[in-house]
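Descriptive analysis of the structure
Below are the chains, spelled out letter by letter.
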Protein chains: 2
Amino acid sequence: MAQSDTVDRILDAAEELFAERGFSETSLRMITSKAKVNLAAVNYHFGSKNALIHAVFARFLTPFSATLEKAFDELEESCGDQPPTLNQTLWALTESAVRMPQRNEKGISIFMRLLGLAYTQSQGHLRKFLEQEYGDPFSRFMRLLKAATPQLSAVDRYWRIQFMLGATAFTMSSSDALRDILQNKTGVETSVQEIALRLVPFLAAGMQAEDAMLVPPKGSKVSVA
Amino acid sequence: MAQSDTVDRILDAAEELFAERGFSETSLRMITSKAKVNLAAVNYHFGSKNALIHAVFARFLTPFSATLEKAFDELEESCGDQPPTLNQTLWALTESAVRMPQRNEKGISIFMRLLGLAYTQSQGHLRKFLEQEYGDPFSRFMRLLKAATPQLSAVDRYWRIQFMLGATAFTMSSSDALRDILQNKTGVETSVQEIALRLVPFLAAGMQAEDAMLVPPKGSKVSVA
DNA sequence: ATTGGCTTCAAACGTATGTTTAAAACAGAC
DNA sequence: GTCTGTTTTAAACATACGTTTGAAGCCAAT
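Quantities reported herein were computed from a predicted structural model and do not represent experimental measurements.

1. Thoughts on the overall build of chain A
- Looking only at helices and strands, chain A has 10 helices and 0 strands in total.
- Put simply, chain A runs from its N terminus to its C terminus through helices and strands in the order α-α-α-α-α-α-α-α-α-α.
- Buried residues in chain A amount to 52% of all 225 residues.
- Look at the contacts in chain A between residues 6 or more apart in sequence, and 72% of them connect residues 24 or more apart.
- Total accessible area on chain A is roughly 10700 Å²; 52% of this is exposed by carbon and sulfur atoms.

Encoded structure:
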């Protein structure tokens, strides 16, 4: 049996279980029994449960951030000296995610859910790990967003970016459950690609909403003050 | 010491800790030591940890859903026989949330975060509990949204509602942290009301985005299939 | 055939969890 | 003051967790 077989089987099982149940709710015994390896294998190959979590993220995120940097390079080059538009920037990100080589058909949705969990579950170690390892492409994305929405005040832009992050992280983090609900209700199947296809226009429209709408309807008790 | 004092102290401590760390990550011992009550008090007064989680939600959600129903009643009455607009519906919800009597200044944001966690962490029992107890006002909100966006297909509407939920839950849940960051950066103070004031236009614009935007830019590799 | 370095394995370790117990403390009614 | 039902308490329970251990297994190089 090849050396890496055990490592990969652990990563596969962990990825799936983490996505299904979250990090704290998934025990090493669940992972190793799903992967059909010995319990001690995790600590032998990875060192600790936290290190396994990092490895699961790194396996996807390292090639992804490389793809993303390339996509941003191409985008900026093709735009000459004027900055890419909001739509272009959002699509560059989306396409980089969708086009990543998948281990299986559920690849992206599993990983999107993991990213959502990373944001949502307050796993301090994970946050630190992600910031340290993948902070650069994230900052670059932020810079592109700023250049693409010069009409927004810094404060407006700040909050709207949070709204975008929220819609994305939240939807993706529960996308499996949501898809199931939708399928039970309407019989419609939905791929992650299609969700992204619906999400991007929503985000772009929200990002570019008129400031004039920033007024509650007549008779509202929320003051604009 | 009044009988209910212990119960309330447990609820206060649990609410705060759950919001900070999630449900599985918060132990009964953390809760009881923060509440300065005996460990067994939780099982004595609530029966189990899961029942405590339900009680935390019920304490906020029961009065809130009553307020919300009233707000929807008034809104529908004032609209005569035509359905309320999207903006009106969103504002009715927002104002009901903002105007709820708060236990403390962090009241809303804590509870928004809990709602987000309920959706995100796969706590089957919680989901079942919330659906059973508070499914009615939720369905009503959904019906209003449907009437306010007749131009959307059922599937589009379904996903856009998820996006709205996500942006809201995510932003409100971390609004404390986000507000601090923003204040450090720009010196601007932001109240929950003001966040809502920015959020609603974002949501409304996203909700009413043109379907035509549902096409990736020229040269995109994401197929519309 | 024997060695040496990885890898696997069953078992155990220490710790933390939710829950239960039975006695003690308390409060209000008579 | 005594009794009665409720609440609090310290201690223990059983179980599950992440991690460690030391022996056994394996495979390539000698």
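2. Considerations on the nonpolar core
- In this structure, Leu52 and Phe57 of chain A together with Leu52 and Phe57 of chain B are the most contacted members of the largest nonpolar core, which totals 136 residues.
- At 11 residues, the largest contribution of residues to this core is made by helix 4 (residues 49-78) of chain B.
- Apart from the residues lying within four places of it in its own chain, the contact partners of Leu52 of chain B are Ile10, Leu11, Ala14, Phe18, Leu28, Ile31, Val42 and Phe46 of chain B.

3. Structural notes on the pattern of salt bridges
- By the definition in use, this model includes 16 salt bridges over all chains.
- Ionic pairing is found between Glu16 of chain A and Lys34 of chain A, a salt bridge with its closest N-O pair at 3.3 Å. One end of the pair, Glu16 of chain A, is in helix 1 (residues 3-21); the other, Lys34 of chain A, is in helix 2 (residues 28-35), and 18 residues separate them in sequence.
- Look at Glu16 of chain A and you get partly exposed, because its relative accessible area is 23%.
- Here Arg198 of chain B makes a salt bridge to Asp156 of chain A, at a shortest N to O gap of 2.3 Å.

4. Here's the deal with unusual backbone geometry
Residues and elements named next belong to chain A.
- Look at Lys36: it is not a glycine, yet its phi comes out positive at around 55°.
- Examined against the element boundaries, Lys36 turns out to sit in the loop between helix 2 and helix 3 (40-45).
- Classification of Lys36 by relative accessible area gives exposed; the value is 72%.

5. So, the packing of aromatic side chains
- Within the structure shown, the criterion is met by 20 aromatic pairs over all chains.
- A network of ring pairs unites the aromatic residues Phe18, Phe23, Phe57, Phe60, Phe64 and Phe111 of chain A as a single cluster.

6. Side note on the packing of helix 4 of chain B against helix 6 (residues 107-120) of chain B
Residues and elements named next belong to chain B.
- Where helix 4 contacts helix 6, the axes come no closer than 11 Å and their chain directions differ by 125°. Classified by the angle their axes make, helix 4 and helix 6 are oblique. Judged by the twist between their axes, the crossing of helix 4 over helix 6 is left-handed. Every residue of helix 6 that contacts helix 4 at Val56, Phe57, Phe60 and Leu61 is listed here: Phe111, Leu114, Leu115 and Ala118.
- For the contact of helix 4 with helix 6, a count of residues per class yields 8 nonpolar, no polar and no charged.

7. With respect to helix 8 (residues 154-173) of chain A
- With 20 residues, helix 8 of chain A should reach 28 Å at 1.5 Å per residue; the first-to-last C-alpha distance of 28 Å fits that figure.
- Of all 20 residues making up helix 8 of chain A, 18 are buried, and the element is well covered by its neighbours.

8. Side note on helix 2 of chain A
Residue and element names in this part refer to chain A.
- Within helix 2 the residues assigned to the buried category are Leu28, Ile31, Thr32 and Ala35. On an axial view of helix 2, the arc spanned by its buried residues comes to 90°, and they lie on one face. Opposite its buried face, helix 2 presents the exposed residues Arg29 and Ser33, each directed more than 90 degrees away.
- With its phi angle positive at about 55°, Lys36 sits one or two positions after the end of helix 2.

9. Focus: the environment of Ile10 of chain A
Residue and element names in this part refer to chain A.
- Considering the arrangement of structural elements, one finds Ile10 in helix 1.
- Each C-alpha atom of the pair Ile10 and Trp91 lies 33 Å from the other, and the pair is 81 residues apart in sequence.
- For Ile10, the contacting residues outside a window of four places in its chain are Ile31, Ala35, Val37, Ala41, Val42, Phe46 and Leu52.

10. A closer look at the side chain of His54 of chain A
- Its location among the elements puts His54 of chain A in helix 4 (residues 49-78).
- Excluding residues within four positions of it along the chain, His54 of chain A makes contact with His125, Leu126 and Phe129 of chain A.

11. Remarks on the environment of Phe170 of chain B
- Among the secondary structure elements, Phe170 of chain B is positioned in helix 8 (residues 154-173).
- With a relative accessible area of 9%, Phe170 of chain B lands in the buried category.

12. A short note on the environment of Gln121 of chain A
- Relative to the helices and strands, Gln121 of chain A resides in the loop between helix 6 (107-120) and helix 7 (124-148).
- Judged by its relative accessible area of 2%, Gln121 of chain A is buried.
- Taking the C-alpha atoms as reference, Gln121 of chain A lies 8.1 Å from Gly22 of chain A; in sequence the two are 99 residues apart.
- Gln121 of chain A has contacts with Gly22, Phe23, Ser24 and Glu25 of chain A together with Glu25 and Gln121 of chain B, leaving out every residue within four places of it along the chain.

13. Notes on the layout of surface pockets
All names here are of chain B.
- A volume near 1600 Å³ is recorded for the second largest pocket.
- Residue lining of the second largest pocket: 50 residues in total, with Tyr119, Phe138, Phe141, Met142 and Leu165 positioned closest to the centre.
- Of all the elements, helix 7 (residues 124-148) adds the most residues to the lining of the second largest pocket, at 13 residues.
- Residues that form the lining of the second largest pocket fall into these classes: 36 nonpolar, 8 polar and 6 charged.

Procedures and definitions
- Sequence order as written defines residue numbering, which begins from 1 separately in each chain.
- Labels are handed out in written order, letters beginning with A for the chains and numbers beginning with 1 for the ligands.
- Per-residue local features of the predicted model are confined to residues with pLDDT of at least 70, and side-chain atom pairs are confined, for both listing and counting, to 80 or more; whole-chain, interface and lining totals are unaffected and use all residues.
- Note that water and hydrogens are dropped before the side-chain values are worked out from all heavy atoms of the structure.
- Strands here mean DSSP runs of E at least two residues long; helices mean DSSP runs of H or I at least four residues long; both are numbered from the N terminus.
- Exposure is judged per residue with a 1.4 Å probe applied to protein chains only, and the accessible area is read against the type maximum: over 50% gives exposed, under 20% gives buried, and values in between give partly exposed.
- We call two residues contacting when some pair of their heavy atoms lies within 4.5 Å.
- The Shrake-Rupley method, run with a 1.4 Å probe sphere, supplies the accessible areas, and residue values consider only the shown protein chains as cover.
- Put simply, a nonpolar core is a bunch of buried Ala, Val, Leu, Ile, Met, Phe, Trp, Tyr and Cys residues held in one set by side-chain atoms that sit within 4.5 Å of each other.
- The working definition used for a salt bridge is a side-chain nitrogen of Lys or Arg within 4 Å of a carboxyl oxygen of Asp or Glu.
- Ring pairs shown here join Phe, Tyr and Trp side chains whose ring centres sit within 6.5 Å, with only the six-membered ring taken for Trp; geometry is labelled stacked below 30 degrees between planes, edge-to-face above 60, and tilted in between.
- Every axis in this analysis is a line fitted to C-alpha atoms, fitted for helices over the stretch in contact. Angles between the N-to-C directions lie between 0 and 180 degrees.
- Small angles under 35 degrees read as roughly parallel and large ones over 145 as roughly antiparallel, with 65 to 115 read as roughly perpendicular and the rest as oblique.
- Throughout, a crossing is termed right-handed when the near helix is turned clockwise from the far one, and left-handed when it is turned anticlockwise from it by less than a right angle.
- Each residue gets one of three labels, nonpolar for Ala, Val, Leu, Ile, Met, Phe, Trp, Tyr, Cys and Pro, charged for Asp, Glu, Lys and Arg, and polar for the others, Gly among them.
- The span expected for a helix works out to 1.5 Å for each residue beyond the first.
- Note: the arc covers the axis-to-C-beta directions of the helix.
- Here the term cavity refers to a set of points on a 1 Å grid, laid over the protein atoms alone, in which a 1.4 Å probe fits but cannot get out; the term pocket refers to an open set having protein on both sides within 12 Å along at least five of seven lines, with lining residues being those that place an atom within 4 Å of a point.
- Grid points are joined across faces, edges and corners, and a volume is the space filled by probe spheres set on the points.

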